[in-house]
Amino acid sequence: MTAPANESLTGPVMCVVGARPNFMKMAPILRALAAHTPPMPALLVHTGQHYDQGMSGQLFDDLGLPLPDLNLEVGAGSHAVQTAEVMRRFEPALDEHRPSCVVVVGDVNSTLACTLVAAKKGVPVVHVEAGLRSYDRKMPEEINRVVTDQLADRLYTTERSAEANLRLEGVPGDRVCFAGNVMIDSLLSNLPKARAAADTLRAHGADASLVAHGAGYGLVTLHRPSNVDDEATLRALLCVLAEVAARLPLVFALHPRTRNNIDRFALNGLMDPSRTAVLPPQGYLEMLGLMAKATLVLTDSGGLQEETTALGVPCLTLRENTERPITIEQGTNTLVGRDRAAILNGLEGVLSGRGKRGRVPEFWDGHAAQRIAADLWRWLPRAPVHAG
Ligand code: UD1
């Protein structure tokens, strides 16, 4: 960390990451802060919500993220325990480093926890990817989004619908800035370095027929508690995926939550190894390569809905709702829930060449982080000073 370059900044910009989807959002922001004229000093805090090499360390390497200045090492726990533990460990870090603001991204527990601490300490909170709403409070992320946006002082949005959501919740319009999608900044800058899908599959010993005949494959990721924590639900989903696999070979990158539940419920037998390559969590460059070459992506991830839209790859989202409606309206995304007929129908559409191609939304252009850095520089001197 270097000293603030300009008196507008009273301290570093404290950037918080915690879980896998945060890393690709923060990497371009850190680069844009450093590249700003004058540079804006940053301090990177990793809460340690995700801690495995596959879920965290590998992504730091792939994205060229600097090692965190601080790692709070909170690890796993119930929502309450994880959130509380991040708060407990983040407070002394704020006291020690006295940042000019705290930047949080996305909607994970670490986003919420650090927002709560900073807001109560009177440190301005900046939320990147603000205003997305699924309107489904059963999703822990929705609660994290709503609370974070109420407390944030500067809110950067990725799509126009987010501004309308924030307005409905009474967030003053002058706090909100449409900056575009930082995750797509990462995607565009890393695509040339993406690892070839065939190499990734081969490295994991995937069945040769999946790699060799070039008939295409569907890429699957599943990790939402609503899809994978209940035995009957997970079983039903794996059964539909087996039907999909009979038509289109699948590559399934397994999140640890899903891996644990498949083992716990003894559902491994539902995945036919000759039609489904089961992979551990993949690095960022591996996932980009796998997504870019996929015939179809089946997912419950938020990020993949956006990345497939940017790549022009059809995506079937195994959820009832999405907080990212632009991926449906303009992009390649279709909501199919857990409905067997809708999933198989979506598959047939893609296989018969009727998959959505879509177009790339406004400001998903690789320059969102630059816009954020430029705006932050102008905004910070007039950031509200709260009682600490
Ligand atoms: C979290 C985010 C979710 C995001 C997802 C991406 C919240 C509320 N949820 O969900 O929005 O889409 O990350 O992955 O913040 N585990 C490991 N190794 C790790 C991390 C987790 O084995 O490195 C295990 C944990 O022990 C736990 C499970 O995976 O059993 C879930 O981890 P957790 O951080 O609770 O949430 P995610 O489901 O990953």
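Residues numbered from 1 in each chain as written. Predicted model: local features only at pLDDT ≥ 70, side-chain atom pairs only at ≥ 80, totals over all residues. Heavy atoms only, no water.

Asker: Run through the overall build of the protein chain, naming residues and quoting values.
Answerer: Counting its regular elements, the protein chain contains 17 helices and 13 strands. For 388 residues, the compact-globule estimate of 2.2 N^0.38 gives 21 Å, and the protein chain sits close to it at 21 Å. Its C-alpha atoms give the protein chain principal-axis dimensions of about 60 × 40 × 40 Å. Of all 388 residues assigned to the protein chain, the portion counted as buried reaches 57%. Counted over contacts in the protein chain with a minimum sequence separation of 6, partners at least 24 positions apart contribute 71%. Just so you have it, the protein chain exposes about 15400 Å², and 53% of that area is on carbon and sulfur atoms. Each charge class in the protein chain was averaged separately, 38 positive and 42 negative side chains, and the resulting centres sit 3 Å apart. (Helix = DSSP H or I, 4+ residues; strand = E, 2+ residues; numbered from the N terminus. Rg over C-alpha atoms; globule rule 2.2 N^0.38 Å. Buried < 20%, exposed > 50% of the residue type's maximum accessible area, 1.4 Å probe, protein only. Contact = heavy atoms within 4.5 Å. Areas by Shrake-Rupley, 256 points an atom, 1.4 Å probe, with all protein chains shown as cover. Lys, Arg positive; Asp, Glu negative; His and termini not counted. Charge placed at Lys NZ, Arg CZ, Asp CG, Glu CD.)

Asker: So, the side chain of Thr309: which residues are in play, and what are the values?
Answerer: Along the polypeptide, Thr309 turns up in helix α14 (residues 302-311). Judged by relative accessible area, which is 2%, Thr309 ranks as buried. If sequence neighbours within four positions are ignored, Thr309 has contacts with Thr327, Gly331, Thr332, Asn333, Arg359, Val360, Pro361 and Trp364.

Asker: Outline helix α5 (residues 140-151), supporting the account with residue identities and numerical values.
Answerer: Taking 1.5 Å of rise per residue, the twelve residues of α5 would be expected to cover 16 Å, and the 17 Å separating its terminal C-alpha atoms lies within 8% of that figure. Along α5, the residues classified as buried are Glu141, Glu142, Asn144, Arg145, Val146, Thr148 and Asp149. (Expected span 1.5 Å × (residues − 1).)

Asker: Explain the domain arrangement of the protein chain residue by residue, including any values.
Answerer: Taken as a whole, the protein chain is organised into domain 1 (7-181 + 364-384) and domain 2 (195-351). Each of domain 1 and domain 2 was reduced to a C-alpha centroid, and the two centroids are 28 Å apart. Counting from both sides, the interface comprises 24 residues of domain 1 and, opposite them, 19 residues of domain 2. For the pair domain 1 and domain 2, the summed buried surface comes to about 1700 Å²; carbon and sulfur atoms form 57% of the total. (Domains from an automatic or database assignment. Buried area = accessible area lost by both parts, 1.4 Å probe.)

Asker: Give a description of the site of the ligand that names residues and reports values.
Answerer: Neighbouring the ligand are 21 residues; Gln49, His50, Glu141, His223 and Arg257 lie closest to it. Separating an oxygen atom of the ligand from a side-chain N or O atom of His255 is a distance of 2.8 Å. Within the complex, 86% of the 740 Å² of free accessible area of the ligand lies under protein. Going through the elements one at a time, α1 (20-35), α3 (79-97), α5 and α12 (256-264) are the ones with two or more residues in the shell around the ligand. Grouping the constituent residues of the shell around the ligand by class yields seven nonpolar, eight polar and six charged. Shared between two domains, the shell around the ligand takes at least three residues from each, and those domains are domain 1 (7-181 + 364-384) and domain 2 (195-351). (Near = heavy atom within 4 Å. Polar contact = N/O pair within 3.5 Å; in protein donor to acceptor, adjacent residues only side chain to side chain. Nonpolar A, V, L, I, M, F, W, Y, C, P; charged D, E, K, R; others polar.)

Asker: Can you break down the packing of aromatic side chains residue by residue, with the values?
Answerer: Applying the stated criterion across every chain yields a total of two aromatic pairs. Between Phe178 and Phe363 the ring centres are 5.0 Å apart and the planes differ by 25°, which places this aromatic pair in the stacked class. With Phe178 in strand β7 (residues 176-178) and Phe363 in the loop between α16 (340-351) and α17 (368-379), this residue pair connects regions lying 185 residues apart in the sequence. On the basis of relative accessible area, Phe363 is assigned to the partly exposed category, the value being 30%. Stacked on the ring of Phe363, the Lys or Arg Arg371 has its end atom at 3.8 Å from the ring centre. (Phe/Tyr/Trp six-rings, centres within 6.5 Å; stacked < 30°, edge-to-face > 60°. Lys NZ or Arg CZ within 6 Å of the ring centre and 35° of its normal.)

Asker: For the nonpolar core, give the residues involved together with the corresponding values.
Answerer: Counting residues in hydrophobic clusters, the biggest one holds 62 residues, and the most contacted among them are Met26, Val103, Leu219, Leu290, Leu376 and Leu380. Both of domain 1 (7-181 + 364-384) and domain 2 (195-351) provide at least three residues apiece to this core. Beyond its immediate stretch of four places on either side in the chain, Leu380 contacts Leu9, Val13, Met40, Ser100 and Cys101. Ranked by size, the runner-up nonpolar core spans 27 residues in total, among them Ala245, Leu250, Leu298 and Leu347. (Core = buried A, V, L, I, M, F, W, Y, C linked by side-chain atoms within 4.5 Å.)

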